[in-house]
Amino acid sequence: DIQMTQSPSSLSASVGDRVTITCQASQDISNHLNWYQQKPGKAPKFLIYDASNLETGVPSRFSGSGSGTDFTFTISSLQPEDFATYYCQQYDNLPQTFGPGTKVDIK
Amino acid sequence: QVQLVESGGGVVQPGTSLRLSCAASGFTFSDFGMHWVRQAPGKGLEWVAVIWYDGRNTDYADSVKGRFTISRDNSKNTLFLQMNSLRVEDTAVYYCARDPSYNIIRGWFAPWGQGTLVTVSS
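One structure accompanies this document, and this report is about it.

**Comments concerning the pattern of salt bridges**
- Under the definition given, this model contains seven salt bridges over all chains.
- As a salt-bridge pair, Asp-82 of chain A and Arg-61 of chain A come within 2.8 Å of each other at their nearest N and O atoms. Here Asp-82 of chain A is found in the loop between strand S8 (70-75) and strand S9 (84-90), whereas its partner Arg-61 of chain A is found in the loop between strand S6 (53-54) and strand S7 (62-67), with 21 residues between them in sequence. Of the two residues, Asp-82 of chain A and Arg-61 of chain A, both sit in the buried class.
- Among the salt bridges present, the one from Arg-67 of chain B reaches Asp-90 of chain B, with a minimum N-O distance of 2.7 Å. Of this pair, Arg-67 of chain B sits in the loop between strand S6 (58-60) and strand S7 (68-73) while Asp-90 of chain B sits in the loop between strand S8 (78-83) and strand S9 (92-102), and the two are 23 residues apart along the sequence.
- A relative accessible area of 7% places Arg-67 of chain B in the buried class.
- On the basis of relative accessibility, which here comes to 1%, the residue Asp-90 of chain B falls in the buried class.
- Counted as one network, the salt bridges with shared partners bring together Arg-38, Glu-46, Arg-67 and Asp-90 of chain B.

What follows is the structure, encoded as structure tokens:
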């Protein structure tokens, strides 16, 4: 199975801050990477596909980049509704696997 | 709009069985593959199983292979997960999720249902 790692595991930030999360795959997955947002007690929400493409309706302050084994997720200006846990997920090989998540909370 | 509603969770003893359902609406259910993904309390996300749009193909995580069965009834727009020989480590919120690619499986999950909690405890 492809192992996914994320860093940091958690971070504290203020509204308006730029936030960056990294995700690394244990082997080359091309751009076969998605990002999800999960708020407490809620189901995950699909944000970004193919490493850098925003799902319809997702605000443009969210972005993603990378290919191969190293990926980045960025929130350009953190908003109050963005405090959540973010997961990367590879779909290059079955089984699809998720990173352990990065919790973004209020500083 | 697309809606997925899970049901069937509960508290069961180790070694017993449970059947989860996921009622779909707002899209042509028979055109899309479907997944089950679970999340143990306070933990991350784990993909469990997938079924192709026509039900002809399925695949499972090694952790549930041989114990869980995914199925679907396209006439009733419903997805199922039959869980047998349940273990304490199967305790989790179980989400159903659509694979949003028409007639193929990409391994994307969009959208998700609200989840149903399965607790396996003696």
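**What to know about the sheet that holds strand S3 (residues 18-25) of chain B**
Residue and element names in this part refer to chain B.
- Strand order across the open sheet formed by four strands is S1-S3-S8-S7, with antiparallel pairing between neighbours. Each edge of the sheet is formed by a strand with only one pairing partner; in this case those strands are strand S1 (3-7) and S7. Here the strands of the sheet are splayed against their neighbours by 15° on average, with no regard to which way each runs.
- With six bridges joining them, S7 and S8 adopt antiparallel strand pairing. By the bridge assignment, Ser-71 is partnered in S8 with Phe-80.

**Section: the interface of chain B and chain A**
- Each side of the interface is counted separately: chain B has 17 residues, and chain A has 16 residues.
- Carbon and sulfur atoms make up 65% of the surface buried where chain B meets chain A, a total of about 1,400 Å² over both sides.
- When residues of chain B are sorted by the area they lose upon contact with chain A, Leu-45, Trp-47 and Trp-108 of chain B head the list and together hold 40% of the total.
- Taken together, the connections running from chain B to chain A amount to zero salt bridges.
- Applying the counting rule to chain B against chain A returns six residue pairs in polar contact (both at pLDDT 80 or more).
- The residue makeup of the side of chain B that touches chain A, split by class, is eight nonpolar, five polar and four charged.

**Some details on the sheet that holds strand S4 (residues 32-39) of chain B**
All names here are of chain B.
- Taking strand neighbours across the sheet as the criterion, the six strands line up as S2-S10-S9-S4-S5-S6 in an open arrangement whose pairing is mixed. The open sheet has two free edges, formed respectively by strand S2 (10-12) and S6, since each of these has just one partner strand. Sheet twist, expressed as the mean angle between neighbouring strand axes with direction ignored, is 30°.
- Looking at chain direction, strand S5 (residues 45-51) and S6 are connected through three bridges and run antiparallel. Of the residues in S6, the one forming a bridge with Val-50 is Asp-59.

**Topic: the environment of Gln-79 of chain A**
Residues and elements named next belong to chain A.
- Structurally, Gln-79 is set in the loop between S8 and S9.
- A relative accessible area of 26% places Gln-79 in the partly exposed class.
- Measuring from C-alpha to C-alpha, the distance between Gln-79 and Gly-16 comes to 6.4 Å, with 63 residues separating the pair along the chain.
- For Gln-79, the side chain forms a polar contact with the main-chain oxygen of Ser-77, separated by 3.1 Å.

**Looking at the state of the cysteines**
Residues and elements named next belong to chain B.
- Going through the model one piece at a time under the given rule, you end up with two disulfides over all chains.
- Here Cys-22 is linked by a disulfide to Cys-96, with a sulfur-sulfur distance of 2.0 Å. What sets the handedness of the Cys-22 and Cys-96 disulfide is the S-S torsion sign, and at about 60° it is right-handed. Here the residue Cys-22 occupies a position in strand S3, and Cys-96 occupies one in strand S9, the gap between them amounting to 74 residues. Each member of the pair, Cys-22 together with Cys-96, is buried.

What counts and how
Every chain is numbered independently, its residues counted from 1 as its sequence is written. Going through the entries in the order they are written, you letter the chains from A and number the ligands from 1. Only residues with pLDDT of at least 70 are given local features in this predicted model, and only at 80 or more are side-chain atom pairs given and counted; all residues enter the totals for whole chains, interfaces and linings. Hydrogens and water are ignored here; the side-chain numbers use all heavy atoms of the structure. Every case where a carboxyl oxygen of Asp or Glu lies within 4 Å of a side-chain nitrogen of Lys or Arg is listed as a salt bridge. Numbering of helices and strands runs from the N terminus, with a helix taken as a DSSP run of H or I at least four residues long and a strand as a DSSP run of E at least two residues long. Only protein chains enter the accessibility calculation, which uses a 1.4 Å probe. A residue is then buried if its area is under 20% of the maximum for its type, exposed if over 50%, and partly exposed in between. Whether two strands pair depends on DSSP finding at least two bridges between them. In this description, a line fitted to the C-alpha atoms serves as the axis of each element, helices being fitted only across the stretch in contact, and the angle between N-to-C directions of two axes falls anywhere from 0 to 180 degrees. Throughout, a contact is declared for two residues whenever any of their heavy atoms are within 4.5 Å. Using a 1.4 Å probe, buried area is obtained as the accessible area two parts lose upon being combined, added over both of them. Polar contacts here mean pairs of N or O atoms no more than 3.5 Å apart (in protein, one a potential hydrogen donor and the other a potential acceptor; neighbouring residues in sequence count only if both atoms are side-chain atoms). Polar here means any residue other than Ala, Val, Leu, Ile, Met, Phe, Trp, Tyr, Cys and Pro, which are nonpolar, and Asp, Glu, Lys and Arg, which are charged; Gly is therefore polar. Note on terminology: disulfide denotes any pair of cysteine sulfur atoms within 2.5 Å.

It is worth stressing that arrangement in space is one thing and function is another; only the former is reported here.
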